[in-house]
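# Reading the structure
Below are the chains, spelled out letter by letter.
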Amino acid sequence: MNISPQKRLESLQSHLSQFLIGKHQEIRLALTCILARGHLLIEDVPGVGKTTLAEGLARCFKLSFSRIQFTSDLLPSDIVGVQIYRATEGVFEFRKGPIFNQVVLADELNRAPPRTQSALLEAMAQKQVSVDGKTYSLLEPFVVVATQNPTEFAGTYPLPDSQLDRFLVCMPLGHLSPEDEARLILEKRPELQTSNPVATQEELQELQAACDAVRIHPDVAHFAVQLGNSSRKHHSLERGISTRAMLSLIAAAKANALWEGRDFLVPDDLRALFIPTLAHRIVANQSESMVASRKMAQTALQEILDSTPNPR
């Protein structure tokens with residue numbers, strides 16, 4: 001790669017900002033997810049750009065893209081595919097479903113029943129699907145971008161902990177500022193569907209390899225463990241983070257180091273990704289709704305960050 005990872009990432013962020021204005025930090029988090037080979041959950045109301053972000057991620061790397069609208073009558077076979085009997089030859093043929101793409105938008109994931117939601121688990125965890133006793137590998141790279149409306153609960157099925165734990169980052173997009181909303185109305189924006197890729201799949205894989213290669217000092221590793229243990233003891237949390245969540249935090253922090261132009265971790269990388277990677281994985285005490293639980297979890301995690309000094 002002739003261009004440094006930092007410059008390449010800034011170029012990708014600038015490109016996506018043409019289509020999703022005023023969302024530099026959210027675009028950075030989404031790209032961080034892909035670098036760390038993770039999946040992204042966006043919790044927000046309709047109409048704030050969730051689909052645009054997901055499709056934009058696919059187009060800037062020229063990755064194959066599919067959108068699955070989750071509904072109450074969606075079946076697992078609608079996602080992974082189905083065996084079709086070919087009577088003329090007397091054999092079954094597997095017809096692949098939309099999961100066999102590199103960027104998969106799972107729109108309104110919580111509107112599908114648990115059985116259908118679980119069809120994504122094997123794909124997200126192991127990048128493969130099993131149908132009728134046969135395993136099929138998914139394309140690389142592979143990322144699921146899922147959405148759900150945190151304020152609407154009629155006809156929805158809350159995502160189980162095992163499903164939430166498969167998402168590296170959970171974030172809102174939020175409404176535009178008045179200034180950015182006025183720009184969106186007044187300025188002619190380029191069409192996402194006609195945009196050209198700004199990086200190749202090979203360059204993405206090089207970025208992912210650079211992310212894997214980011215070094216971590218034992219003192220920084222112990223700092224991460226200290227943060228995790230604090231979450232398990234916090235008075236307002238029913239359950240702290242798991243070991244898998246800890247590894248996810250490290251992976252995301254390594255991607256953050258690339259954004260900052262480093263090939264080694266510092267405590268601030270962990271601090272920057274602590275809440276986005278962990279708040280959706282922990283359970284707050286006496287939370288009455290998803291929104292309340294997220295806010296309580298974020299508050300508790302911020303208290304942990306504020307009370308934990310960096311290693312000397």
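This report concerns the structure included in the present document. (Residues numbered from 1 in each chain as written. Predicted model: local features only at pLDDT ≥ 70, side-chain atom pairs only at ≥ 80, totals over all residues. Heavy atoms only, no water.)

## Points about the overall build of the chain
Along its length, the chain carries 13 helices and 11 strands. Taking 2.2 N^0.38 as the reference for a compact globule, 312 residues should give roughly 20 Å; the C-alpha atoms of the chain span a radius of gyration of 20 Å, in line with that estimate. Taking the principal axes of the C-alpha coordinates as reference, the chain spans close to 75 × 45 × 40 Å. Per-residue burial for the chain yields a buried fraction of 50% across its 312 residues. Of the contacts made within the chain by residues no fewer than 6 positions apart, 77% connect residues no fewer than 24 positions apart. As displayed, the chain offers around 14,900 Å² of accessible surface, 51% of which is attributable to carbon and sulfur atoms. For the chain, the distance from the average position of its 32 positive side-chain charges to the average position of its 35 negative side-chain charges is 3 Å. (Helix = DSSP H or I, 4+ residues; strand = E, 2+ residues; numbered from the N terminus. Rg over C-alpha atoms; globule rule 2.2 N^0.38 Å. Buried < 20%, exposed > 50% of the residue type's maximum accessible area, 1.4 Å probe, protein only. Contact = heavy atoms within 4.5 Å. Areas by Shrake-Rupley, 256 points an atom, 1.4 Å probe, with all protein chains shown as cover. Lys, Arg positive; Asp, Glu negative; His and termini not counted. Charge placed at Lys NZ, Arg CZ, Asp CG, Glu CD.)

## Observations concerning the pattern of salt bridges
Overall, the coordinates contain 18 salt bridges when judged by the stated rule. R59 is the salt-bridge partner of E55, the closest N and O atoms lying 3.1 Å from each other. Separated by four residues within a single helix, E55 and R59 lie in helix 3 (residues 50-60), roughly one turn from each other. The partly exposed category is assigned to R59, whose relative accessible area is 28%. Put simply, D263 and R215 hold a salt bridge, and the shortest N to O gap is 3.0 Å. Of this pair, D263 sits in the loop between helix 11 (243-259) and helix 12 (267-278) while R215 sits in the loop between helix 9 (201-212) and helix 10 (218-233), and the two are 48 residues apart along the sequence. Owing to a relative accessible area of 43%, D263 belongs among the partly exposed residues under this scheme. (Salt bridge = Lys/Arg side-chain N within 4 Å of Asp/Glu carboxyl O.)

## A closer look at the packing of aromatic side chains
Each aromatic ring pair is specified by the distance between its two centres and by the angle formed by the two planes. Counted under the stated rule, the structure contains three aromatic pairs. Each ring, one from Y85 and one from F92, has its centre 5.0 Å from the other, and the planes form 55 degrees; the classification is tilted. You can call Y85 partly exposed: its relative accessible area is 46%. Ring geometry for F94 and F100: centres 6.0 Å apart, planes at 70 degrees, overall edge-to-face. As far as the burial class goes, F94 and F100 line up, both buried. Against the face of F264 rests R262, its NZ or CZ located 5.7 Å from the ring centre. (Phe/Tyr/Trp six-rings, centres within 6.5 Å; stacked < 30°, edge-to-face > 60°. Lys NZ or Arg CZ within 6 Å of the ring centre and 35° of its normal.)

Nothing here speaks to function; it is geometry throughout.
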